[in-house]
Amino acid sequence: MSKSNSMLRLDKYLADLSVGTRTEVKQMIRKGRVMVNGNTETSPETKVDSNHDKISVDGRELSYVTLEYFMLNKPAGVVSASNDKKQTTVVDLIDEAKRKDLFPVGRLDKDTEGLLIITNDGDLAHQLLSPKKHVDKVYFARLREPLKKEDEEAFAAGLRIDEEFTALPATLERISEREAYVTIREGKFHQIKRMFEAVDNEVVYLKRISMGSLSLDKSLSLGEYRELTEEEIETLRENR
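Owing to the predicted nature of the structure, the values given are computational and were not obtained by experimental measurement. (Residues numbered from 1 in each chain as written. Predicted model: local features only at pLDDT ≥ 70, side-chain atom pairs only at ≥ 80, totals over all residues. Heavy atoms only, no water.)

Chemist: Which parts of the structure should I look at to understand the sheet that holds strand E3 (residues 39-40)?
Modeler: Two modes of strand pairing occur in sheets, parallel and antiparallel, and in both the strands are linked by backbone hydrogen bonds. Read across the open sheet, the four strands follow the order E3-E2-E5-E6; overall the sheet is antiparallel. Taken across any chain shown, the strands that pair with only one partner, and hence form the sheet edges, are E3 and strand E6 (60-61). Across two bridges, the pairing between strand E5 (residues 55-57) and E6 is antiparallel. Note that in E6 the partner of serine 56 across the bridge is glutamate 61. (Pairing = 2+ DSSP bridges. Helix = DSSP H or I, 4+ residues; strand = E, 2+ residues; numbered from the N terminus.)

Chemist: Would you explain helix H4 (residues 122-129) in this entry?
Modeler: The periodicity of an α-helix, 3.6 residues per turn, causes residues three or four positions apart to be oriented the same way. Looking only at H4, the buried set comprises Leu124, Ala125, Gln127 and Leu128. Down the axis of H4, the sector holding all buried residues measures 165 degrees, keeping them to one side. In this structure, the buried residues of H4 make contact with strand E7 (69-74), strand E8 (103-104), strand E9 (113-119), strand E10 (137-143), strand E13 (203-211) and helix H7 (230-238). (Buried < 20%, exposed > 50% of the residue type's maximum accessible area, 1.4 Å probe, protein only. Arc of directions from axis to C-beta. Contact = heavy atoms within 4.5 Å.)

Chemist: Hey, could you run me through the packing of aromatic side chains in this one?
Modeler: Each aromatic ring pair is described using two quantities: the centre-to-centre distance and the angle formed by the ring planes. Summed over all chains, the structure comprises five aromatic pairs. A network of ring pairs unites the aromatic residues Phe140, Tyr181 and Tyr205 as a single cluster. (Phe/Tyr/Trp six-rings, centres within 6.5 Å; stacked < 30°, edge-to-face > 60°.)

Chemist: Explanation requested: the environment of glutamate 230 in the structure shown.
Modeler: Mapping glutamate 230 onto the fold places it in helix H7. When the C-alpha atoms of glutamate 230 and tyrosine 69 are compared, they prove to be 9.5 Å apart, with 161 residues separating the residues in sequence.

In structure tokens form, the structure reads like this:
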């Protein structure tokens, strides 16, 4: 970040880091609760250097972060959204986030579990979700009925779901009589469930296990998350 881009109003700096709303952080500043480089600052309009200045609130020093990246093992019952007035969202689960502008990269159905990337990097999200990029997304599916021999060929050919949607060719890898890995390269609404419905079957459990180069960390229990490593972030960017 250049010097000019790193200069921010003090109230924006604090609001960006979810210290409070813009109104709330202005009140904190005016009440003398904020220090810049060891000195109390009472003007919300004061410009600070997010790269070098030391900012603290009530004695707690802050660290300015521009972009954040998290891997979440999404549990069932949580919605893939940034905010919802009635339901818990995947962003609500990231309680160590410094930024207030996080969002999920794509969506998993409310009852679907597994890998979800939470970030505020809009460019990376666009590249991973762009239909033109055909980024692989791998799911584990458990089915109500036994798989048929012809299902693999049907998925590979590109299933006609309805009059408006024919899925791109997908890979169906049988694990057992009623379990399979499915790899798709798009992400339409309820896509995998609709694909199995098209071959007269029903998904009873669905979990995403990878997206592009990123696989779900097996050490993460449902609802747990961790920050992505620099290597993971760079490899995801190479998917572009």
